[in-house]
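Here's the letter readout for the chains.
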Amino acid sequence: MYDRHVGLQAKMSPFAGFMMPIQYNTITVEHLAVREKVGMFDVSHMGEIFVEGPEAEAFVNHIFTNEIRGFEPGKVLYGMMCYPDGGVVDDLLVYREFEPDHFLLVVNAANIDKDFAWIEEHAKGFDCKVRNESPVWGQIAVQGPEAESVLVGTLGLKEAAALGFYTFYDTEYMGKRLIVSRTGYTGEDGFELYTSTEGTIDLWDRLMAAGVQPCGLGCRDTLRFEAGLPLYGDELSPEISPVMAGLGMFCKYDKDFIGKEALLAQKGGELTRKLVGIEIANKAIPRAGYPVETPEGEEVGVVTTGYHSISLDKSICFALVDKAFSALETPLCIRIRKKVFPGKVVKKRFYQTNYKK
């Protein structure tokens, strides 16, 4: 795909071991294409790890915070893999495949090697096989209110229209498996298409010919941020647990999983910091790493992601703050160099998402 991006004069930058397109046009043009019409992303850098065997379900349930038992083939779940202390190895999607005892784990690009080593280590003692197939799979995300009509009309993937949110189906493309999944990372309706590297290039070319706006990592970040979605390394990390990040709904405590005891302790009152949304009155941009202070000047946290929102025309951010200052409407300030800008705690989902029900 590299030559395709360079041919489109994309601004390229290294990310997770790949040269990735940051933007083709302006970030604003690409962002609004996804919010208002349709855009596409080359996300072939993401990792695909397959788990299969008689004890595949028991194993995946052991390393994954969400509950996969009773979860039908063709469905997708979001959750985390945690360390024993509750810190996050990675956040990921788990696909229950149509073949019995087969699962696909889709992990973050920067974490593929670390995740695979961690998964392999913990698979010892379970009757299952683990395969890292990341190098042979490509992935294109088609996102926005017109995504369904593009998949059906341009690519002829008619079955896509019947998919509900977080479901998928299998078909073939250019003689290789194609997974069509109604998932995404933008807050809009959309699909993720996983297939061979050759098939990925062909799909991209067909979508380009149909006039779909190519989008880079720049607007991928602004879109996911507005929708309240975390980015590993910013809002989740070995130091930021799912409970701190407000993602406890993806942790099911009526089963055993690695990190459960630590997360229960945090839930029960040992939590010291929480991730919050903050809106500031000024148009100044709160960047990652900027200090968060009380109106009296006490430093109580740090910004993890911040932008002047393209969709909302507001300056907003995620911040990790001391728990005592995490309630909605709590007045907090962002220090931007030598100036302090007043704001308040708001809900982390800044933008009203438009997922397919």
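Residues numbered from 1 in each chain as written. Predicted model: local features only at pLDDT ≥ 70, side-chain atom pairs only at ≥ 80, totals over all residues. Heavy atoms only, no water.

**Student:** Would you mind going over the side chain of Thr 183 with me for this structure?
**Tutor:** With respect to the element layout, Thr 183 can be found in the loop between β11 (176-181) and β12 (190-196). Once you skip the residues sitting within four places of it in the chain, Thr 183 turns out to touch Val 76, Leu 93, Tyr 95, Gln 143, Tyr 166, Gly 190, Phe 191 and Glu 192. (Helix = DSSP H or I, 4+ residues; strand = E, 2+ residues; numbered from the N terminus. Contact = heavy atoms within 4.5 Å.)

**Student:** What am I meant to see in the pairing of strand β16 (residues 299-308) here?
**Tutor:** Two faces make up the sheet, and in a regular strand the side chains alternate between them. As paired strands, strand β15 (residues 291-293) and β16 are joined by 3 bridges and run antiparallel to one another. Paired with Pro 291 across the two strands is Val 302, which belongs to β16. Counting the residues that bridge the hairpin from β15 to β16 gives 5 residues, and of these Gly 297 lies at a positive phi of roughly 100°. Where β16 meets strand β17 (residues 315-322), 7 bridges bridge the pair, whose relative direction is antiparallel. Looking across to β17, one finds that Val 302 is bridged to Leu 320. In sequence, β16 turns back onto β17 through a hairpin of 6 residues, with Asp 313 there showing a positive phi of about 55°. (Pairing = 2+ DSSP bridges.)

**Student:** Is there a simple way to explain the environment of Thr 197 in this structure?
**Tutor:** Its location among the elements puts Thr 197 in helix α6 (residues 197-209). Aside from chain neighbours lying at most four places away, what touches Thr 197 is Pro 135, Val 136 and Gly 138. For Thr 197, the side chain forms a polar contact with the side chain of Glu 198, separated by 3.4 Å. (Polar contact = N/O pair within 3.5 Å; in protein donor to acceptor, adjacent residues only side chain to side chain.)

**Student:** Mind showing me how you'd approach the sheet that holds strand β9 (residues 137-143) here?
**Tutor:** For sheets, the rule is that strands pair by backbone hydrogen bonds, running either parallel or antiparallel. Read across the open sheet, the 6 strands follow the order β10-β11-β12-β9-β3-β13; overall the sheet is mixed. Each of the sheet's edge strands pairs with one partner strand only, and the pair in question is β10 (168-173) and β13 (213-215). Neighbour-to-neighbour, the strand axes of the sheet open up by a mean angle of 25°, direction not taken into account. Pairing between strand β3 (residues 39-42) and β13: 3 bridges, direction parallel. Its bridge partner being in β13, Phe 41 is matched across the sheet by Cys 215. Each of β3, β9 and β13 is contacted by helix α2 (residues 27-36), which is oriented at about 115° to β13, the strand it contacts most. Contacts from α6 reach β3, β9, β10, β11, β12 and β13 within the one sheet, and its direction differs from that of β12 by about 140°. (Axes fitted to C-alpha atoms, helices over the stretch in contact; angles between N-to-C directions.)

**Student:** Help me out: how do you make sense of the pattern of salt bridges in this one?
**Tutor:** Opposite charge on two side chains makes pairing possible when the charged atoms of those side chains draw close. For the structure on display, the rule yields 20 salt bridges. As a salt-bridge pair, Glu 226 and Arg 35 come within 3.0 Å of each other at their nearest N and O atoms. Highlighted residues: Glu 226 in helix α7 (residues 217-226) and Arg 35 in helix α2, separated in sequence by 191 residues. Arg 35 shares its class with Glu 226; the two are buried. The structure contains a network of salt bridges with shared partners spanning Glu 148, Arg 182, Asp 189 and Lys 356. (Salt bridge = Lys/Arg side-chain N within 4 Å of Asp/Glu carboxyl O. Buried < 20%, exposed > 50% of the residue type's maximum accessible area, 1.4 Å probe, protein only.)

**Student:** Sorry, what's going on with the nonpolar core here?
**Tutor:** Across soluble globular proteins, nonpolar side chains show a tendency to be buried alongside one another. By size, the foremost hydrophobic cluster in this structure holds 42 residues, and its most contacted members are Phe 41, Met 80, Leu 93, Tyr 95 and Leu 236. Those elements that place two or more of their residues in this core are β5 (76-82), β6 (88-96), β7 (102-107), β9, α7 and β17. Top element by residues in this core is β5. It accounts for 4 residues. In contact with Leu 236, not counting residues within four places along its chain, are Tyr 78, Met 80, Val 88, Asp 91, Pro 230, Leu 231, Ser 241, Pro 242, Ala 245 and Leu 247. (Core = buried A, V, L, I, M, F, W, Y, C linked by side-chain atoms within 4.5 Å.)

**Student:** It is not clear to me how the sheet that holds β6 should be interpreted in this structure. Could you clarify?
**Tutor:** With respect to topology, 5 strands assemble into an open sheet ordered β5-β6-β7-β4-β8, the strand pairing being antiparallel. Across the chains shown, the open sheet's two edge strands, defined by having one partner strand only, are β5 and β8 (129-132). The mean angle between the axes of side-by-side strands here comes to 25°, regardless of whether they run parallel or antiparallel. Strands β4 (47-52), β5, β6, β7 and β8 of the sheet are contacted by helix α4 (residues 112-123), whose axis makes an angle of about 170° with β8.

**Student:** Before we go on, may I ask you to explain the environment of Arg 287 in this structure?
**Tutor:** Looking at the secondary structure, you find Arg 287 in the loop between β14 (273-280) and β15. If we skip the residues at most four places from it in the chain, Arg 287 touches Val 303, Gly 306 and Tyr 307.

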